[in-house]
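Inside the fold
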Amino acid sequence: MRLRPLLATVTAALAAATCLTAAAPANAQPTNTQSGNACSPSVSIEGFSDALDKTTYEGTFVGNFSALAVNRDGRIAAVSDRSALFTLDRKTLRPASVVPLADESGAALDSEGLAVDRDGTRLVASETEPSIRRYARDGRILDRLPVPDALRVAPAGRATSNQTFEGLTFLPGRRTLLAGMEGSLAGDTTGIVRFQTWERQRGHFALDAQYGYRTDTGLNVSETTATPDGRLLVLERGFTAGVGNTVRLYLADQRRATDTFGIDNLTGQSGVRLVRKTLLADLVNCPSLGAQAKQPQPNPLLDNIEGLAVTGGGAHGRLNLLLVSDDNQNPVQITRFYSLRVRL
């Protein structure tokens with residue numbers, strides 16, 4: 001796709017979204033890329049929108065967003081960790097539909113990862129067990145993917161509750177699915193997390209390679225999203241009370257990393273190549289664009305950013321990104337969308 005029309009689409013989407021509510025800052029509409037919008041030499045911020053913050057749609061709270069993906073028709077799929085899957089208009093970001101999600105017994109999910117398959121079905125990762133289920137567009141469960149025993153929450157496995165699948169993405173071609181763990185397994189060195197993959201086989205997904213990834217000290221993985229060339233965009237996020245959020249965007253390359261599926265403990269040992277990563281931007285360095293925070297933040301633009309989708313680009317390594325923060329339905333947090341432009 002051409003870069004200029006796609007950038008215009010995303011920019012128009014965020015500009016229109018700021019008109020949805022009077023609560024959105026008057027200067028929240030995106031501006032043209034220029035040096036003053038740079039977060040780093042590789043990343044610039046086009047704009048942000050708070051228009052959906054603390055709103056409802058058809059009786060469902062619009063927020064708690066933990067993941068984004070792009071539907072086949074170009075609209076945005078956004079999953080809430082309170083078991084709701086929204087479709088957002090790509091031009092206005094207004095909700096166009098919402099579908100409740102549940103497990104096989106009808107219980108709510110802690111949905112943290114989202115990917116859209118080529119037939120329009122949705123794969124949703126819940127960090128409760130953890131699990132990955134494939135849903136029809138009406139919310140019916142179609143399939144459930146296998147999960148390695150070690151990645152299950154203790155005592156069934158070695159994972160910590162609320163520290164499991166946080167990111168979910170298809171690699172180019174949609175034959176391989178990748179999920180990023182938020183935190184480390186018991187027995188692994190703190191800060192080394194596992195990325196698990198599945199390979200499509202005869203209509204189902206079978207367990208495949210696994211990789212180790214080292215996060216920055218005090219940070220966890222909040223999203224993994226594939227780039228068109230098969231690498232990964234990884235969001236690392238942390239929070240310090242009284243200080244605020246840290247959010248860093250990395251470009252990661254797992255293609256030469258060691259398959260760690262059969263390695264019980266990852267300790268940084270010799271002979272195990274972890275996923276290589278390169279810092280694209282620490283978002284604290286982005287211009288605030290007049291954003292306001294509801295609690296202390298090192299940059300008022302920041303909040304609990306959890307969702308990331310590639311919405312266009314590709315020419316000369318340039319990508320358009322849409323990010324969203326999870327407000328946890330908390331009055332001092334914000335549902336905020338961000339439009340970034342990245343040069344890989």
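Everything numeric in this text was worked out from a predicted model, so none of it was measured.

For the protein, the helix and strand inventory stands at one helix and 22 strands. Each of the 344 residues in the protein was classed as buried or not, and the buried ones make up 58%. Counted over contacts in the protein with a minimum sequence separation of 6, partners at least 24 positions apart contribute 55%. Carbon and sulfur atoms form 48% of the exposed surface of the protein, whose accessible area is close to 13,900 Å².

Here we come to the side chain of Asp 282. By the element assignment, Asp 282 lies in strand E19 (residues 276-282). Dropping the residues within four chain positions of it, Asp 282 is found in contact with Cys 39, Val 247 and Arg 248.

Pairing is antiparallel in the open sheet, where four strands are placed in the order E4-E5-E6-E7. The strands lining the two open edges of the sheet, one partner per strand, are strand E4 (65-70) and strand E7 (95-100). Neighbouring strand axes in the sheet, compared pairwise and without regard to direction, differ in orientation by 20° on average. When E4 meets strand E5 (residues 76-80), the two strands line up antiparallel, connected through five bridges. If you follow Val 70 over to E5, its bridge partner there is Ile 76.

A word on the side chain of Ser 131. Tracing the chain through its elements places Ser 131 in strand E10 (residues 131-135). Among the polar contacts made by the side chain of Ser 131, one reaches the side chain of Arg 133 at a distance of 2.7 Å. Once residues within four sequence positions are removed from consideration, Ser 131 is found in contact with Val 124, Ala 125, Ser 126, Arg 144, Val 147 and Phe 165.

Moving on, we get to the sheet that holds strand E16 (residues 220-226). With antiparallel pairing, the four strands of this open sheet are ordered in space as E16-E17-E18-E19. At either margin of the open sheet sits one strand with a lone partner, and together these are E16 and E19. Sheet twist, expressed as the average angle between the axes of neighbouring strands with direction ignored, equals 30°. Relative to strand E18 (residues 244-253), strand E17 (residues 232-240) runs antiparallel, the two sharing nine bridges. Bridge pairing links Leu 233 to Leu 251 in E18.

Attention shifts here to the pattern of salt bridges. This structure, assessed with the given rule, holds 23 salt bridges. Between Asp 188 and Arg 194 there is a salt bridge whose closest N-O contact spans 2.9 Å. On the basis of relative accessible area, Asp 188 is assigned to the buried category, the value being 8%. We note a salt bridge from Asp 253 to Arg 255, for which the minimum N-O separation is 2.9 Å. A cluster of three or more residues bridged by salt bridges with shared partners is formed by Asp 216, Glu 236, Arg 248, Lys 277 and Asp 282.

Of all the five residues making up strand E6 (residues 84-88), five are buried; the element is thus mostly covered by neighbouring parts of the structure. Every second residue of E6 is oriented toward a common face, with Ala 84, Phe 86 and Leu 88 on one face and Leu 85 and Thr 87 on the other, all of them buried. Across five bridges, E6 lies against E7 in antiparallel orientation. Across the sheet, the residue bridging to Leu 85 is Val 99, located in E7. The antiparallel hairpin formed by E6 and E7 contains six residues in its connecting segment, where Leu 93 sits at a positive phi of about 65°.

Our next topic: the packing of aromatic side chains. As enumerated under the stated definition, the model contains five aromatic pairs in all. Considering the side-chain rings of Phe 195 and Tyr 213, the 5.0 Å spacing of their centres and the 20° angle between planes classify their relative orientation as stacked. With Phe 195 in strand E14 (residues 192-201) and Tyr 213 in strand E15 (residues 204-214), this pair connects stretches of sequence that are 18 residues apart. Tyr 213 matches Phe 195 in its accessibility class, with the two residues each being buried. Taken together, the aromatic side chains of Phe 65, Phe 86 and Phe 337 make up a single cluster linked through ring pairs. Directly above the aromatic system of Tyr 250 lies the positively charged group of Lys 277, at a separation of 4.2 Å from the ring centroid.

Membership of the largest hydrophobic core comes to 32 residues, with the highest contact counts inside it found for Ile 132, Phe 165, Leu 177, Phe 195 and Tyr 213. Only strand E9 (122-126), strand E12 (165-170), strand E13 (176-181), E14, E15, E16, E17 and E18 provide two or more residues apiece to this core. Discounting residues that sit within four places of it in the chain, Phe 165 has contacts with Glu 112, Ala 125, Glu 127, Pro 130, Ser 131, Ile 132, Val 147, Leu 151, Ala 179, Gly 180, Met 181 and Trp 198. In this structure, Val 43, Leu 280, Leu 323 and Val 342 belong to the second largest nonpolar core, which totals 24 residues.

So, about the confidence of the model for the protein. The predicted model of the protein averages 90 in pLDDT, with 90% of residues at 70 or higher. Within the model, pLDDT remains below 50 along residues 1-34, and this stretch shows 66 contacts once partners closer than five positions in the same chain are excluded.

Here the focus is the environment of Asn 37. The residue Asn 37 is located in the loop between helix H1 (3-17) and strand E1 (43-49) in this model. According to the relative accessible area criterion, Asn 37 is buried, its value standing at 5%. A polar contact of 2.9 Å, which involves the side chain of Asn 37, links it to the backbone oxygen of Ile 45.

Definitions and cut-offs
- Residues numbered from 1 in each chain as written.
- Predicted model: local features only at pLDDT ≥ 70, side-chain atom pairs only at ≥ 80, totals over all residues.
- Heavy atoms only, no water.
- Helix = DSSP H or I, 4+ residues; strand = E, 2+ residues; numbered from the N terminus.
- Buried < 20%, exposed > 50% of the residue type's maximum accessible area, 1.4 Å probe, protein only.
- Contact = heavy atoms within 4.5 Å.
- Areas by Shrake-Rupley, 256 points an atom, 1.4 Å probe, with all protein chains shown as cover.
- Pairing = 2+ DSSP bridges.
- Axes fitted to C-alpha atoms, helices over the stretch in contact; angles between N-to-C directions.
- Polar contact = N/O pair within 3.5 Å; in protein donor to acceptor, adjacent residues only side chain to side chain.
- Salt bridge = Lys/Arg side-chain N within 4 Å of Asp/Glu carboxyl O.
- Phe/Tyr/Trp six-rings, centres within 6.5 Å; stacked < 30°, edge-to-face > 60°.
- Lys NZ or Arg CZ within 6 Å of the ring centre and 35° of its normal.
- Core = buried A, V, L, I, M, F, W, Y, C linked by side-chain atoms within 4.5 Å.
- pLDDT = per-residue confidence, 0-100.

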